[in-house]
Amino acid sequence: MGLMTSLLTLPLAPLRLTVAVAEQIRKQAEAEYYDPARIRLQLEQIEILRENGEIDPEEAAAIEDELINRLLVSNARQRGEV
């Protein structure tokens, strides 16, 4: 970049920084959301809640379906398919 371009775009620096930080936060959130170990732990917790009668079977099944879908997406992401 030339000096003139640098001076003209200087007021946008805080915006670029904000966008970069937001992108890092998004990446971290997605990494946690699709973490296979975290998903498996949540599946185990749902099973324990169901066994203890703290959650009804229909609700547990719905949550498990969502978690399994996340796990499938996680596996596809690791293979580079998504």
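Residues numbered from 1 in each chain as written. Predicted model: local features only at pLDDT ≥ 70, side-chain atom pairs only at ≥ 80, totals over all residues. Heavy atoms only, no water.

## Comments concerning the packing of aromatic side chains
Note the threshold: Put simply, two rings from Phe, Tyr or Trp (the six-membered ring, in Trp's case) pair if the centres are within 6.5 Å, and we call them stacked under 30 degrees between planes, edge-to-face over 60, tilted for the rest. When accessible area is computed with a 1.4 Å probe and restricted to protein chains, residues below 20% of their type maximum are described as buried, those above 50% as exposed, and intermediate ones as partly exposed. Think of it as a cone above the ring: NZ of Lys or CZ of Arg counts as a charge over the ring if it is within 6 Å of the ring centre and within 35 degrees of the ring normal.
One pass over the structure, following the stated rule, counts one aromatic pair. Geometrically, the ring pair formed by tyrosine 33 and tyrosine 34 is edge-to-face, given 4.9 Å between the ring centres and 85° between the ring planes. What makes tyrosine 33 partly exposed here is its relative accessible area of 37%. The ring of tyrosine 33 is capped by arginine 70, whose NZ or CZ atom sits 4.0 Å from the centre of that ring.

## Brief notes about helix α3 (residues 36-51)
To keep things clear, this is the line we draw: Helix and strand assignments follow DSSP, with helices taken as H or I runs no shorter than four residues and strands as E runs no shorter than two, numbered in order from the N terminus. By this rule the span expected of a helix is its residue count minus one, scaled by 1.5 Å. Note that the arc is computed from the directions linking the helix axis to the C-beta atoms. Only heavy atoms matter for contacts: two residues are in contact if any of them lie within 4.5 Å across the pair.
Here α3 spans 23 Å end to end across 16 residues, near enough to the 22 Å set by a 1.5 Å rise per residue. Every buried residue of α3 is accounted for by Pro36, Ile39, Leu43 and Ile46. Down the axis of α3, the sector holding all buried residues measures 80°, keeping them to one side. The inward-facing, buried residues of α3 contact α2 (13-33) and α4 (57-78). Positioned one or two residues after α3, glycine 53 has a phi angle of 75°, which is positive.

Take it as geometry only, folks, not as evidence of what the structure does.
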